[in-house]
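# Architecture and fold: a report
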Amino acid sequence: MFSNPEDTKLSTLATNTLKRSNSKQAAALRDTTGRTYVAINIDTPSLKLSALDAVFTVAMASGISGIEAVVSVGQAPESVGALREFSPTATVFYLSES
């Protein structure tokens, strides 16, 4: 499915995180230095984050300067949001649950 083997790795990370966590969404992000980050959606009475927003937050906390690609798995995200504002050229993939 992916032409870049690094994107296949992101897909595997996101898919395995989704299965392990029993969440509705999971996402894996690769920054421009090749580091990867994973996160799930957060849905509590006081905090709601999509997996894309959560993985972007984790990556930003690590001081990234750019994003190459992100894979989101599970429930479709409502928006790419701040991730796209920060890195307009990042490739964003969506995979439904299988």
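Just above sits the structure.
The text that follows walks through the structure, step by step, so that each part is easy to find. Predicted model only: the values in this text are computed from it and were never measured.

Turning to helix H2 (residues 51-61), a few remarks are in order. All buried positions along H2 are accounted for by Ala51, Leu52, Ala54, Val55, Phe56 and Ala59. Buried residues along H2 sit in contact with strand S1 (25-31), strand S2 (36-40), strand S4 (48-49), strand S5 (67-74) and helix H3 (81-86).

Mapped onto the fold, Thr89 is located in the loop between H3 and strand S6 (91-95). Thr89 gets classed as exposed once you look at its relative accessible area, which sits at 73%. In the structure, Thr89 is positioned 70 residues away from Lys19 in sequence and 29 Å away in space, judged by C-alpha atoms.

Attention now goes to the packing of aromatic side chains. Counting across every chain of the model gives two aromatic pairs. For the ring pair Phe2 and Phe93, a centre distance of 4.8 Å and an interplane angle of 90° mean the geometry is edge-to-face. Note that Phe2 is positioned in the segment before helix H1 (5-21) and Phe93 in strand S6, a separation of 91 residues in sequence. Taking the relative accessible area as the measure of exposure, Phe2 reaches 16% and is therefore buried.

This part is about the pattern of salt bridges. If you walk through the whole model with that rule in mind, you get five salt bridges. Between Glu6 and Lys9 there is a salt bridge, with its nearest N and O atoms 3.1 Å apart. Here Glu6 pairs with Lys9, and both are found in helix H1, just three residues apart, close to one helical turn. Overall, Lys9 belongs to the partly exposed group, its relative accessible area being 49%. Between Arg35 and Asp31 there is a salt bridge, and its shortest N-O distance comes to 3.0 Å. A residue is classified by how much of its surface remains accessible, and Arg35, at 37% relative accessible area, is partly exposed. Taking relative accessible area as the criterion, Asp31 reaches 1% and is therefore assigned buried. Connected via shared salt-bridge partners are Asp7, Arg30 and Glu68.

On to the sheet that holds S1, then. Here four strands make up an open sheet; going across it, the order is S2-S1-S5-S6 and the pairing mixed. Each having just a single partner strand, S2 and S6 make up the two edges of the open sheet. Neighbour-to-neighbour, the strand axes of this sheet turn through a mean angle of 15°, independent of strand direction. One ladder, built from seven bridges, connects S1 with S5; its direction is antiparallel. Pairing of Leu29 across the sheet is with Val70, part of S5. Running at roughly 150° to S1, H1 makes contact with S1, S2, S5 and S6 of the sheet.

Rules used in this analysis
- Residues numbered from 1 in each chain as written.
- Predicted model: local features only at pLDDT ≥ 70, side-chain atom pairs only at ≥ 80, totals over all residues.
- Heavy atoms only, no water.
- Buried < 20%, exposed > 50% of the residue type's maximum accessible area, 1.4 Å probe, protein only.
- Helix = DSSP H or I, 4+ residues; strand = E, 2+ residues; numbered from the N terminus.
- Contact = heavy atoms within 4.5 Å.
- Phe/Tyr/Trp six-rings, centres within 6.5 Å; stacked < 30°, edge-to-face > 60°.
- Salt bridge = Lys/Arg side-chain N within 4 Å of Asp/Glu carboxyl O.
- Pairing = 2+ DSSP bridges.
- Axes fitted to C-alpha atoms, helices over the stretch in contact; angles between N-to-C directions.

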